[in-house]
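What follows is the residue order along each chain.
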Amino acid sequence: MTEGKIVNEDVAAAAAVHLLVERRETVATAESLTGGLLATTFVEIPGVSAVFRGGLVVYATDLKHTLAGVPEELLDERGPVDRDVARALAQGVRERCDADWGLATTGVAGPEPQDGKPVGMVFVAVAGATSTTVKELSLSGSRAEIRHATMLEVLDLFASELRK
């Protein structure tokens, strides 16, 4: 992680929850490689029920389409690890869970490459009412480290979007 980045997910999630409560806004998550870590981090925060709508763990590619609404053509053409897939996941979970914000993670945690995408290639996305921001990451480490770093990165991106 680089200097100035979030290093404690509990503090980051609590700060986001506090801001959401103040703003009377809600959030939902669509997770692939993080497999529910992001949702779990949110629900550990007292008072989160006022702002956390829910989450989708869409690990299988077909569920990204059927549950989160990612266009099937996009998944067929580019596969699940793609900038536009992350964008569609965030937008889809925001719409399907009727939330003000949608957060998404997709990527390759390893130990092997997937569909020609290298281990550590990750995309995180945050969708709001007027825009969606996607960040491409190139992470290294073990499978667990990549998953944890992904969660920190999406929380950092969400914090940046909330501050705008």
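Here's what I pulled together on the structure shown here. Just so you know, these numbers come straight off a predicted model, no measurement behind them. (Residues numbered from 1 in each chain as written. Predicted model: local features only at pLDDT ≥ 70, side-chain atom pairs only at ≥ 80, totals over all residues. Heavy atoms only, no water.)

## Re the overall build of the chain
Part 1: Regarding its fold elements, the chain presents six helices and five strands.
Part 2: When its helices and strands are written in sequence order, the chain yields α-β-α-β-α-α-α-β-β-β-α.
Part 3: The globule rule puts the C-alpha radius of gyration for 164 residues at 15 Å, and the 14 Å found for the chain is close to it.
Part 4: Structurally, the chain occupies a C-alpha span of about 45 × 35 × 25 Å along its principal axes.
Part 5: Here the chain holds 164 residues, and the buried ones make up 52% of them.
Part 6: Put simply, 65% of the contacts in the chain that link residues at least 6 apart link residues at least 24 apart. (Helix = DSSP H or I, 4+ residues; strand = E, 2+ residues; numbered from the N terminus. Rg over C-alpha atoms; globule rule 2.2 N^0.38 Å. Buried < 20%, exposed > 50% of the residue type's maximum accessible area, 1.4 Å probe, protein only. Contact = heavy atoms within 4.5 Å.)

## As for the side chain of Thr41
Part 1: Along the polypeptide, Thr41 turns up in helix α2 (residues 37-43).
Part 2: On the basis of relative accessibility, which here comes to 8%, the residue Thr41 falls in the buried class.
Part 3: At 2.8 Å, the side chain of Thr41 forms a polar contact with the backbone oxygen of Leu37.
Part 4: The contact partners of Thr41, leaving out residues within four places of it in the chain, are Glu9, Asp10, Ala13, Met151 and Leu155. (Polar contact = N/O pair within 3.5 Å; in protein donor to acceptor, adjacent residues only side chain to side chain.)

## Describing the pairing of strand β4 (residues 121-127)
Part 1: With respect to burial, β4 is a largely interior element, seven of its seven residues being buried.
Part 2: Alternating residues of β4 divide into Met121, Phe123, Ala125 and Ala127 and Val122, Val124 and Val126, and every residue in both groups is buried.
Part 3: For β4 and strand β5 (residues 132-138), the ladder comprises seven bridges, and the chain directions are antiparallel. The residue of β5 that forms the bridge with Met121 is Ser138.
Part 4: Following β4, the chain reverses through four residues before pairing antiparallel with β5. (Pairing = 2+ DSSP bridges.)

## A word on the packing of aromatic side chains
Part 1: Counted by the stated rule, this structure contains two aromatic pairs.
Part 2: A ring pair is formed by Trp101 and Phe158, whose centres lie 5.6 Å apart and whose planes are at 70 degrees; its orientation type is edge-to-face. Here Phe158 lies in helix α6 (residues 143-163) and Trp101 lies in strand β3 (residues 101-107), a separation of 57 residues in the sequence.
Part 3: Since its relative accessible area comes to 9%, Trp101 is described here as buried.
Part 4: By relative accessible area, Phe158 is classed as buried at 0%. (Phe/Tyr/Trp six-rings, centres within 6.5 Å; stacked < 30°, edge-to-face > 60°.)

## Quick notes on the nonpolar core
Part 1: Of all hydrophobic cores here, the largest spans 30 residues; its most connected members are Phe42, Trp101, Leu103 and Phe158.
Part 2: If you list the elements that add at least two residues to this core, you get α1 (9-23), α2, β3, β4 and α6.
Part 3: Considering each element in turn, this core owes the most residues, eight residues, to α6.
Part 4: Within the second largest apolar cluster, 24 residues are counted, among which are Val85, Leu89, Cys97 and Val134. (Core = buried A, V, L, I, M, F, W, Y, C linked by side-chain atoms within 4.5 Å.)

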